[in-house]
Structures are given as C-alpha cells and as structure tokens.
Amino acid sequence: MMRAYELMVIIDGDVDDPKAQSYTKMVTDEIGKAGGDVHGKPDWWGKRPFAYPINKKDAGYYLVVECVAEGGALDELERQLRLADDVVRHKLIRLPDAEAERRGMAVSA
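Residues numbered from 1 in each chain as written. Predicted model: local features only at pLDDT ≥ 70, side-chain atom pairs only at ≥ 80, totals over all residues. Heavy atoms only, no water.

Here we look at the overall build of the protein
Counted only if it meets this: Runs of H or I in DSSP of at least four residues are treated as helices and runs of E of at least two as strands, each being numbered from the N terminus. We compute the radius of gyration from the C-alpha atoms alone; for a globule the expected value is 2.2 Å times N to the 0.38, where N is the number of residues. Type-normalised accessible area, obtained with a 1.4 Å probe on protein chains alone, sets the label of each residue: buried when under 20%, exposed when over 50%, and partly exposed for intermediate values. Here a residue-residue contact requires only that any non-hydrogen atoms of the pair lie within 4.5 Å. In short, Shrake-Rupley with a 1.4 Å probe defines the accessible areas, and a residue's cover is counted only from the protein chains shown. When charges are tallied, Lys and Arg are placed among the positive residues and Asp and Glu among the negative ones, while His and the ends of the chain are skipped. For charged residues, the charge sits on one atom: NZ in Lys, CZ in Arg, CG in Asp, CD in Glu.
Within the protein, the regular secondary structure consists of three helices and four strands. Secondary structure elements in the protein, listed N-terminal to C-terminal, are β-α-β-β-α-β-α. At 14 Å, the protein has a C-alpha radius of gyration in line with the 13 Å of a compact globule built from 109 residues. Projected onto its principal axes, the C-alpha positions of the protein cover 45 × 25 × 20 Å. Taking all 109 residues of the protein together, 38% fall into the buried category. Taking the intrachain contacts of the protein between residues at least 6 apart in sequence as the baseline, contacts between residues at least 24 apart amount to 75%. Accessible surface, the protein as shown: approximately 6500 Å² in total, 49% of it carbon and sulfur. Here the protein contributes 16 positive and 20 negative side-chain charges, whose respective centroids are spaced 3 Å apart.

Overview of unusual backbone geometry
One non-glycine residue, asparagine 55, lies in the positive phi region at around 50 degrees. Mapped onto the fold, asparagine 55 is located in the loop between strand S2 (37–54) and strand S3 (57–70). Accessibility expressed as a relative area gives 57% for asparagine 55, which makes it exposed. Despite not being glycine, lysine 56 shows a phi value in the positive range, around 60 degrees. Structurally, lysine 56 is set in the loop between S2 and S3.

On their own, these measurements won't tell you what the molecule is for.
Written as structure tokens, this is what we have:
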C-alpha cells in the first residue's frame, strides 16, 4: 500500500553549498530506486542557524522532501542518512491520510 511521507534532512553547515545541495539529488534518486515518487519539488531551505548548538555546530542546510512510497520502502534511504557524516539530523514521518489528501498526495488503496 502506498503511503505519503515527509522527509527533513539537516546537513552540516561547514559543508560547502554545492556538496550540501547534492543531497537533494541523492535523496530523490534513492526514493525512485525504492519504487516511490517525489511529490512536487524538493524544498531547499538553504543554510539556517540552529536554535541551539548540535554537535558543536551553529547552522545547517535544510532539505524537505514530500514523497509517496510503499510502507518500509524507504528503510535503505534512512540507513544511508544515518551513516552519512555530513547529515546532522533527519526525520521521516508518515503523513496522516487526511493531511496527505489535503496536500494532494492521496493515493488510492
């Protein structure tokens, strides 16, 4: 069953901008490999300061991607993000059906 997800990735602020933006392509490619589809365009927020230091860093690059994929299909992507040295934090959430429908991501069961 296809499900709607939202993924936020925070990349280390000490990384140069082109390398940080390359994570956009890596994430979208991995979603495609897993049989999922990216909904809309990945949302690149750029470099933002943190509310509090994380791993002795004060800023990071933010990326938000909405996608639709099978349940459990994005496990490999999450594993790669956990192992990546440049990724400070990441969060993958399954959107509730009502929110997915509101965003135009509803998929037929």
